[in-house]
Number of protein chains: 2
Amino acid sequence: MHLPQCVELYEVGPREGFQSETNPIATEDKITFVNELSNAGLKHIEVTSFVSPKWVPQMADAEAVLAGIERVPGVTYRAAYLNLQGLERALGNPVTLDGSLVLSASDTFSKRNMNKTTREMLDKLPEWIAAYQAANIRVKQMGFMASFGCNFEGYIELEHLLKLMGDVINLADSHGEAIQKVKLADTMGWANPEQIKRTVCTIQDKWPELNIHLHLHDTRGLGLANVYAALQEGLWEFDTAIGGLGGCPFAAVKGAPGNISTEDVAFLCEQMGIDTGLQLDSLVECAKLAEKIVGRELPGHLAKGGLLSNIRPNSWMQVQGS
Amino acid sequence: MHLPQCVELYEVGPREGFQSETNPIATEDKITFVNELSNAGLKHIEVTSFVSPKWVPQMADAEAVLAGIERVPGVTYRAAYLNLQGLERALGNPVTLDGSLVLSASDTFSKRNMNKTTREMLDKLPEWIAAYQAANIRVKQMGFMASFGCNFEGYIELEHLLKLMGDVINLADSHGEAIQKVKLADTMGWANPEQIKRTVCTIQDKWPELNIHLHLHDTRGLGLANVYAALQEGLWEFDTAIGGLGGCPFAAVKGAPGNISTEDVAFLCEQMGIDTGLQLDSLVECAKLAEKIVGRELPGHLAKGGLLSNIRPNSWMQVQGS
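Residues numbered from 1 in each chain as written. Chains lettered and ligands numbered in written order. Predicted model: local features only at pLDDT ≥ 70, side-chain atom pairs only at ≥ 80, totals over all residues. Heavy atoms only, no water.

Undergrad: Help me get a handle on the packing of aromatic side chains, residues and values and all.
TA: Residue and element names in this part refer to chain A. Per the stated rule, a full pass over the model turns up nine aromatic pairs over all chains. Between Phe18 and Phe33, the aromatic rings sit 5.1 Å apart at their centres with planes inclined by 40°, giving tilted as the arrangement. Separated by 15 residues along the polypeptide, Phe18 in helix 1 (residues 13-19) and Phe33 in helix 2 (residues 27-39) bring together distant segments of the chain. Residue class for Phe18 comes out buried when judged on its relative accessible area of 0%. Assessed through its relative accessible area of 0%, Phe33 is described here as buried. Between Trp128 and Tyr132 the ring centres are 6.3 Å apart and the planes differ by 40°, which places this aromatic pair in the tilted class. In this pair, Trp128 and Tyr132 are both assigned in helix 6 (residues 118-134), four residues apart and thus about one turn of the helix distant. Note on accessibility: Trp128 and Tyr132 belong to one class, buried. Taken together, Tyr81, Trp128 and Tyr132 form an aromatic cluster joined through their ring pairs. (Phe/Tyr/Trp six-rings, centres within 6.5 Å; stacked < 30°, edge-to-face > 60°. Helix = DSSP H or I, 4+ residues; strand = E, 2+ residues; numbered from the N terminus. Buried < 20%, exposed > 50% of the residue type's maximum accessible area, 1.4 Å probe, protein only.)

Next comes the structure, spelled out in structure tokens:
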């Protein structure tokens, strides 16, 4: 058990965060926000989503946002897409694509979110692989929504997740592709730290070369404890959203906490001596900007609690070294 | 490294939570709230504080609240006090007293909060011991405010905390008393999980018989990650406040998150198979009552995210056992 030396945070606020806001956000505000995120040192930013403007009007300006942002060298600008039409649009825009194959570990959630069972989604993956290969993109990644639990199905059994993972790995292999990374999403905030550990350890035992990336939600308050559990198992890639933007349409209350907060996760890491490459004070400014843009208080803590470095410039790592 | 089988949560909402509210809270509301807390299964409730009504008008009704609450057998009803006059009042009221000796690990915080240096507080402890002994109360506990860090002094060095702990243990011993428990308070929300672990392990090595009780704040979002770190070291006693009541007068923003939330901590524990003896649904009702009483939204997550048991009655422990 060892903590990693550095972590990489993948910012999903402009996409997953803004997508869950009902009030329209100006394209100009989205562009300014993305620019501030790259200024704060974030190296991976999910800028927008290629979804039907009929279903998600907030993302109708996907192309305009991507065209308007400053491109900082070394930063990957990304976009989400849920179907092959979305992938088609993504391919026509300046975004980094992972060649990712995505399923839901919960069949009911799959039907509700994608209008297809998990099996039907799995059967469609060869089409995805073909589309990626036609665009000269290697298929290196797979992702699972509702990996830990689902409001419609309860806890997801680990055996079920492992079976699905094996299916996708084998399918990719049979098409000449090698999956190198899995992104596990706790879409509805079900995971607990021990479950994270057991899941990660079991996957690491089974596929030692597979990199595990977590997408966590703080719906029920366990987000940062889950990050800490994952760090203890050596994980170093997490999706986060500034201010804890985002939400969960399936939570008990509209406005329930969303994604784990970028600045809080960065703070957790930095306080334990794990390098994030991020400026905490700039992240706090981004959180304040996000609150201004969405017009409400966001759940992230650091902007409210205050940076320690503003108070005293020592760090716990320095103190423990003394 | 092992998680405990059960934990005990000490509810501090009616005292530390209400104390930080500026709008007056009716005595009747306080009584109703305490009664609901004991109904939810909480076994230790800090009901009020014996402080000067001149400084803390919110606590002026301490005696009335203690006289008005229902007394559930098996529940300890407690009160805080900061000086010997407060102890005198506590002795005249029906409250459980731990015979605790309290210092601040930060000298500056000590001066600001108690108007005395840590040294001056230490020099006064014989008077505290005498007062407890005169009342036939054994001195079994010590507590340290700002054990991990301080907004005025930065991180507190562990060596400094250990030195103070040794001083109090020796002092008690020289008066025929044996300290059995230490309560470490992260008063201003500085602790991180690795620091918690290092602190706990070092204390356990030095004083293996000493029980360690944590009082954590979620000021900067690390509260539940800190609880998880402590659970991993076998700790099983925590102060918590329903809804995350409380605050920190030293935070960057008024209204910054306060104590770690009782229902979120209980949820964390129960999801990992650790028994709390608490009804999560009743705790959520208490959190809603607390929001009604203080007239604002509280930071606790579970009331917003929703109980898992309302969705599907399985538990992760059942699933992992299958």
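Undergrad: Please provide a residue-by-residue account of the sheet that holds strand 9 (residues 211-215) of chain A, values included.
TA: Across a sheet, strands are paired by hydrogen bonds formed along the backbone, either parallel or antiparallel in direction. Residue and element names in this part refer to chain A. Ordered in space as 3-2-1-10-9-8-5-4, the eight strands form an open sheet in which the pairing is parallel. In the strand order of this sheet, the two ends are held by strand 3 (76-81) and strand 4 (100-104), each with one partner. Neighbour to neighbour, the strand axes of the sheet diverge by 25° on average, direction disregarded. In this structure, strand 9 lies alongside strand 10 (residues 237-240), joined through three bridges in parallel fashion. Counted as the bridge partner of His213 is Glu237 from strand 10. Strands strand 1 (8-11) and strand 10 of the sheet are contacted by helix 10 (residues 262-271), whose axis makes an angle of about 175° with strand 1. (Pairing = 2+ DSSP bridges. Axes fitted to C-alpha atoms, helices over the stretch in contact; angles between N-to-C directions. Contact = heavy atoms within 4.5 Å.)

Undergrad: Go over the pattern of salt bridges with me, naming the residues and quoting the values.
TA: One pass over the full model with this rule turns up 32 salt bridges over all chains. Of the charged contacts, one joins B:Glu63 and B:Arg89 as a salt bridge, the two residues approaching to 3.1 Å between their closest N and O atoms. Here B:Glu63 is found in helix 3 (residues 62-68), whereas its partner B:Arg89 is found in helix 4 (residues 84-91), with 26 residues between them in sequence. The closest approach of N and O atoms between B:Glu285 and B:Lys288, which form a salt bridge, is 3.8 Å. Placement of both B:Glu285 and B:Lys288 in helix 11 (residues 280-294) is noted, with a separation of three residues, approximately one turn of the helix. Put simply, A:Arg15, A:Glu16 and A:Glu46 are held in one network by salt bridges that share partners. (Salt bridge = Lys/Arg side-chain N within 4 Å of Asp/Glu carboxyl O.)

Undergrad: Lay out the relation of the copies chain A and chain B with the relevant residues and their values.
TA: Screw-axis analysis of chain A against chain B gives a translation of 0.0 Å along the axis, an RMSD of 0.0 Å, and a rotation angle of 180°. Those values place the two copies in the arrangement expected of a two-fold rotation axis. When C-alpha positions in chain A are compared against the rotation axis, the closest is assigned to A:Ala225, at 1.9 Å. A high fraction, 100%, of the interface residues of chain A reappear at the interface in chain B, so the copies pair face to face through one surface. (Least-squares fit on C-alpha atoms with pLDDT ≥ 70 in both.)

Undergrad: Residues and numbers for empty space enclosed by the protein, please.
TA: The final tally for this structure, using the stated rule, is seven cavities of 30 Å³ or more. In this model, the largest cavity occupies a volume close to 230 Å³. In terms of lining residues, the largest cavity is bounded by 30 residues, among which A:Asp218, A:Gly221, A:His301, B:Asp218 and B:His301 are the most central. At the level of elements, helix 9 (223-232) of chain A together with helix 9 (223-232) of chain B are the ones that each hand at least two residues to the lining of the largest cavity. (1 Å grid on protein atoms, 1.4 Å probe; cavity = no way out; pocket = protein on both sides within 12 Å on 5 of 7 lines; lining within 4 Å. Points joined across faces, edges and corners; volume = space filled by probe spheres on them.)

Undergrad: Explain helix 5 (residues 107-114) of chain B to me, and be specific about the residues and the numbers.
TA: It helps to recall that an α-helix has 3.6 residues per turn; residues three or four apart then point in one direction. Residue and element names in this part refer to chain B. Residues of helix 5 that are buried: Phe109, Ser110 and Met114. Down the axis of helix 5, the smallest arc covering the buried residues is 105°, so these residues share one side. On its buried side, helix 5 packs onto strand 4 (100-104), helix 6 (118-134), strand 5 (141-145) and strand 6 (149-150). The backbone nitrogen of Thr108 lies 3.5 Å from a side-chain oxygen of the residue at the head of helix 5, namely Ser106. A positive backbone phi angle near 60° is found at Asn115, which sits one or two residues after helix 5. (Arc of directions from axis to C-beta. Polar contact = N/O pair within 3.5 Å; in protein donor to acceptor, adjacent residues only side chain to side chain.)

Undergrad: So what's going on with the sheet that holds strand 9 (residues 211-215) of chain B? Which residues, and what values?
TA: All names here are of chain B. Ordered in space as 3-2-1-10-9-8-5-4, the eight strands form an open sheet in which the pairing is parallel. Edge strands, defined here as strands with exactly one partner in the open sheet, are strand 3 (76-81) and strand 4. Direction aside, neighbouring strands of the sheet carry axes that sit 25° apart on average. Pairing of strand 1 (residues 8-11) with strand 10 (residues 237-240), which is carried by four bridges, proceeds in the parallel orientation. Among the inter-strand pairings, Tyr10 is bridged to a residue of strand 10, identified as Asp239.

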